[in-house]
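Read off the chains here:
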Amino acid sequence: MAVSAKWYILQTTPMYENSVARRLRAMQENGVSQIHDVKVITETVTKQCRNRKGEPDLREEDEKEFPCYVFIKMEFEQSLVSMLRRLEGVLRWVGIGYNPDPLSDEEIAKIPGLSEQVQHVVGEKYKVSSGPFEGFIGILQQIENTKGKILMNVFGRDIAVDAPLAALQPVLLQDTD
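This text gives an overview of the structure that appears in the document. (Residues numbered from 1 in each chain as written. Predicted model: local features only at pLDDT ≥ 70, side-chain atom pairs only at ≥ 80, totals over all residues. Heavy atoms only, no water.)

## Points about helix H2 (residues 78-85)
So, step 1. All buried positions along H2 are accounted for by Leu 80, Val 81, Leu 84 and Arg 85. With its buried residues spanning 135 degrees around the axis, H2 presents them on a single face.
So, step 2. Residues of H2 that are buried sit in contact with helix H1 (17-29), strand S2 (35-39), strand S5 (69-74) and strand S6 (90-93). (Buried < 20%, exposed > 50% of the residue type's maximum accessible area, 1.4 Å probe, protein only. Helix = DSSP H or I, 4+ residues; strand = E, 2+ residues; numbered from the N terminus. Arc of directions from axis to C-beta. Contact = heavy atoms within 4.5 Å.)

## Observations concerning the pattern of salt bridges
So, step 1. Under the counting rule described, the total for this entry stands at 5 salt bridges.
So, step 2. Glu 88 is the partner of Arg 23 in a salt bridge, and the nearest nitrogen-oxygen pair spans 3.4 Å. With a gap of 65 residues between them, Arg 23 in helix H1 and Glu 88 in the loop between H2 and S6 connect regions that are remote in the sequence.
So, step 3. Overall, Arg 23 belongs to the partly exposed group, its relative accessible area being 29%.
So, step 4. Notably, a salt bridge pairs Lys 47 with Glu 61, separated by 3.5 Å at the nearest N-O pair. (Salt bridge = Lys/Arg side-chain N within 4 Å of Asp/Glu carboxyl O.)

## Focus: the pairing of S5
So, step 1. Summarising the sheet, strand S1 (residues 6-12) and S5 pair through 6 bridges and their orientation is antiparallel. Note on S5: the bridge partner recorded for Tyr 8 is Ile 72.
So, step 2. In the sheet, S2 pairs with S5 via 4 bridges, with the strands oriented antiparallel. Pairing of Lys 39 across the sheet is with Phe 71, part of S5. (Pairing = 2+ DSSP bridges.)

## Some points on the packing of aromatic side chains
So, step 1. Here the structure, examined in full by the defined rule, presents 4 aromatic pairs.
So, step 2. Aromatic pair Tyr 8 and Phe 76: ring centres 6.3 Å apart, planes at 40 degrees, arrangement tilted. Linking Tyr 8 in strand S1 with Phe 76 in the loop between S5 and H2, this pair joins segments that are 68 residues apart in sequence.
So, step 3. The buried category is assigned to Tyr 8, whose relative accessible area is 5%. (Phe/Tyr/Trp six-rings, centres within 6.5 Å; stacked < 30°, edge-to-face > 60°.)

## Side note on the environment of Val 122
So, step 1. Its place among the elements puts Val 122 in the loop between helix H3 (105-110) and strand S7 (125-128).
So, step 2. Among the residues examined, Val 122 registers a relative accessible area of 49% and is labelled partly exposed.
So, step 3. Considering only alpha carbons, one finds Val 122 and Lys 149, 27 residues apart in sequence, at a separation of 9.4 Å.

## Comments concerning H1
So, step 1. Counted at 1.5 Å a residue, the expected span for H1 with its 13 residues is 18 Å, and the 18 Å between its end C-alpha atoms agrees.
So, step 2. Those residues of H1 that are buried are in contact with S1, S2, strand S4 (56-64), S5, H2 and S6.
So, step 3. Trailing H1 by a residue or two, Gly 31 shows a phi angle of about 110 degrees, which is positive. (Expected span 1.5 Å × (residues − 1).)

## Describing the sheet that holds S6
So, step 1. The 4 strands are arranged S2-S5-S1-S6 in an open sheet whose pairing can be described as antiparallel. If you trace the sheet from one side to the other, it starts and ends with S2 and S6, each paired once. Across this sheet, the average inter-strand angle for adjacent strands is 30 degrees, counted without regard to direction.
So, step 2. With respect to the sheet, H1 is in contact with S1, S2, S5 and S6, its orientation differing from that of S2 by roughly 160 degrees.
So, step 3. The strands touched by H2 are S2, S5 and S6; relative to S6, the strand with the most contacts, the crossing angle is about 145 degrees. (Axes fitted to C-alpha atoms, helices over the stretch in contact; angles between N-to-C directions.)

## Concerning unusual backbone geometry
So, step 1. With a phi close to 75 degrees, Met 15 is a non-glycine residue in the positive phi region.
So, step 2. Take Met 15: it is sitting in the loop between S1 and H1.
So, step 3. Phi at Phe 155 takes a positive value of approximately 55 degrees, unusual for a residue other than glycine.
So, step 4. Assignment of secondary structure puts Phe 155 in the loop between strand S9 (147-154) and strand S10 (157-164).

In structure tokens:
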């Protein structure tokens, strides 16, 4: 019976996210085939600070979006869960009870580093998956950073709506009915 890999979350000691992720990647490289992917989700942020001369300076830094958490895509196996729980820096699995709970598809879609990146194309049809226009289908008109302007028909009128690109799912041919 083949077990599919799902995303789980490990809670770590503060500032241990990267060392836990390194250990998990080393285990993956050394033959633990149940581990498929390991991520510490970061975001590049520009901060204003002062240099040695006291002049204003801009510095780019990677900040963790989820401090104290490591995301791991793996096949659930009780012996592996117990082994990972004993790693240095790991506090616990996120879930109810003693075993970890896998993330749902909706939760994965909301976390930018975990969902498979969809290549958005201007002029294609997309379905809005969250927000006030959830379920509406429209044509992507414009892309700006992390948002897209989508033209949709609401109550018989064509309106342009800004929506996050993460909330726009491509429409398959059978979805248009």
